[in-house]
Amino acid sequence: IGFGSDKTWRIHPAFDFQTTYDSNVNREPPGQRNEDIIFRYIPSIEIIRKGSQLEALLGYEMNFEEYLRDSDQNAFNHIARTSIKYARHKLKANLDETFSWIRAYPSSEQSERRTILINEVKPEIQYRITPKFSVSSIYRNYLFQYKESALEEYSYDVNDIGGRLYYHFTPKLDFYVQGSATMIDYFESAFFNSHGYSILAG
């Protein structure tokens with residue numbers, strides 16, 4: 001749907017099927033086994049727009065896990081993705097977000113699957129200072145939350161704040177160096193909180 005090469009919208013439906021055999025699903029102690037065969041049915045859809053200035057992606061994936069021996073473990077997982085990119089002259093802006101609602105594996109035969117909410121947001125604003133070099137400000141927020149109240153104290157929030165220096169080696173190949181500060185804050189107690197720094201290259 002759209003007019004001209006700058007306003008091209010496409011719809012991408014997909015389906016994926018996976019089979020896994022696990023000899024010890026709940027990680028029982030040595031000498032004990034809890035084997036199962038797991039089927040995963042993964043329908044998904046993406047709406048994509050690509051243009052000279054604006055690119056956008058909206059995607060949704062549903063993952064149904066079927067345990068052939070232990071149907072109580074069956075679960076639906078949901079993942080939604082959003083990406084927006086805008087480029088004009090020397091300025092580029094990107095915004096990526098991934099939202100997940102999943103059921104975590106149990107840690108033992110007696111435990112139950114836990115519901116986890118994960119949301120990750122990554123904006124970036126990039127400015128080209130010369131034909132070969134660009135600088136950008138980056139930010140990342142990562143939320144990991146248990147929905148059961150008994151595990152709420154293990155939920156946490158991560159914030160990365162920093163910047164990147166790009167070297168545009170060729171029109172299709174970039175090198176970068178990134179420095180950022182990381183702050184991890186737990187919901188219930190500051191005892192587990194931590195701060196740190198990182199330098200990355202890629």
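To keep things clear, this report deals only with the structure shown in the data block.

1. With respect to the pairing of strand β2 (residues 36-50)
- Sheet analysis places strand β1 (residues 8-22) next to β2, joined by 15 bridges and oriented antiparallel. Residue pairing across strands places Thr 19 opposite Phe 39, the latter belonging to β2.
- The pairing of β2 with strand β3 (residues 54-67) spans 10 bridges and is classified as antiparallel. By the bridge assignment for β3, Ile 48 is matched with Leu 57.
- Taken together, β2 and the strand that follows it, β3, pair antiparallel across an intervening segment of three residues.

2. Topic: the environment of Thr 98
- Checked against the element boundaries, Thr 98 lands in strand β5 (residues 91-104).
- Between the alpha carbons of Thr 98 and Thr 82 there is a distance of 6.5 Å; along the sequence they are 16 residues apart.
- Not counting the four nearest positions on each side in its chain, Thr 98 is found in contact with Ile 79, Ala 80, Arg 81, Ile 118, Asn 119 and Glu 120.

3. Examining the environment of His 89
- Its place among the elements puts His 89 in the loop between β4 (75-88) and β5.
- Along the primary structure His 89 and Tyr 127 are separated by 38 residues, whereas in three dimensions their C-alpha atoms are 9.2 Å apart.

4. Topic: the pairing of strand β9 (residues 173-186)
- By the bridge criterion, 14 bridges tie strand β8 (residues 156-170) to β9 in an arrangement that is antiparallel. When the bridges of β9 are listed, Thr 170 appears paired with Leu 173.
- Taken together, β8 and the strand that follows it, β9, pair antiparallel across an intervening segment of two residues.
- Sheet analysis places β9 next to strand β10 (residues 194-201), joined by eight bridges and oriented antiparallel. From the neighbouring strand, Val 177 faces β10, where its bridge partner is Ala 201.

5. Side note on the nonpolar core
- Counting residues in each nonpolar core, the largest one holds seven residues, listed as Ile 116, Ile 118, Tyr 142, Phe 144, Tyr 146, Leu 151 and Val 158.
- If we skip the residues at most four places from it in the chain, Ile 116 touches Ser 100, Trp 101, Ile 102, Ala 104, Phe 144, Gln 145 and Tyr 146.

6. Focus: the pattern of salt bridges
- All chains considered together, the criterion is met by six salt bridges.
- Of the charged contacts, one joins Arg 81 and Glu 61 as a salt bridge, the two residues approaching to 3.9 Å between their closest N and O atoms. A residue pair is termed long-range when its members are at least 10 positions apart, and Arg 81 in strand β4 and Glu 61 in strand β3 qualify at 20 residues.
- A salt bridge links Asp 160 to Arg 140; its shortest N-O distance comes to 3.0 Å. With Asp 160 in strand β8 and Arg 140 in strand β7 (residues 133-146), this residue pair connects regions lying 20 residues apart in the sequence.
- According to the relative accessible area criterion, Asp 160 is buried, its value standing at 14%.
- Here the salt bridges do not stand alone but share partners, grouping Glu 120, Arg 140 and Asp 160 into one network.

7. A short note on a nonpolar patch on the surface
- A cluster of nonpolar side chains, Leu 91, Ile 125, Tyr 127, Ile 129, Phe 133, Val 135, Leu 165, Tyr 167, Phe 169, Leu 173 and Phe 175, forms an exposed patch at the surface whose accessible area comes to about 950 Å².
- A relative accessible area of 44% places Phe 169 in the partly exposed class.

8. A closer look at the sheet that holds β8
- Judged by pairing direction, the sheet is antiparallel, and its 10 strands sit side by side in the order β1-β2-β3-β4-β5-β6-β7-β8-β9-β10 without closing on themselves. Sheet topology places β1 and β10 at the edges, where each strand pairs with a single neighbour. The average angle at which neighbouring strand axes cross in this sheet is 10°, direction not considered.

9. Overview of the packing of aromatic side chains
- For the coordinates displayed, the defined rule picks out 15 aromatic pairs.
- Plain terms: the ring middles of Tyr 142 and Tyr 156 are 6.5 Å apart, the flat faces sit at 35° to each other, and that makes the pair tilted. Here Tyr 142, found in strand β7, pairs with Tyr 156, found in strand β8; they are 14 residues apart in sequence, far enough to count as distant.
- Relative accessible area serves as the criterion here: at 17%, Tyr 142 is assigned to the buried category.
- Site record: aromatic cluster; members linked through ring pairs are Tyr 142, Phe 144, Tyr 146, Tyr 156, Tyr 186, Phe 191 and Phe 192.
- The ring of Tyr 176 carries the charged tip of Arg 164 above its face, separated from the ring centre by 4.7 Å.

Cut-offs and rules
- Residues numbered from 1 in each chain as written.
- Predicted model: local features only at pLDDT ≥ 70, side-chain atom pairs only at ≥ 80, totals over all residues.
- Heavy atoms only, no water.
- Pairing = 2+ DSSP bridges.
- Helix = DSSP H or I, 4+ residues; strand = E, 2+ residues; numbered from the N terminus.
- Contact = heavy atoms within 4.5 Å.
- Core = buried A, V, L, I, M, F, W, Y, C linked by side-chain atoms within 4.5 Å.
- Buried < 20%, exposed > 50% of the residue type's maximum accessible area, 1.4 Å probe, protein only.
- Salt bridge = Lys/Arg side-chain N within 4 Å of Asp/Glu carboxyl O.
- Patch = residues over 30% accessible without salt bridge, like charges linked within 9 Å, V, L, I, M, F, W, Y side chains within 5 Å.
- Areas by Shrake-Rupley, 256 points an atom, 1.4 Å probe, with all protein chains shown as cover.
- Axes fitted to C-alpha atoms, helices over the stretch in contact; angles between N-to-C directions.
- Phe/Tyr/Trp six-rings, centres within 6.5 Å; stacked < 30°, edge-to-face > 60°.
- Lys NZ or Arg CZ within 6 Å of the ring centre and 35° of its normal.

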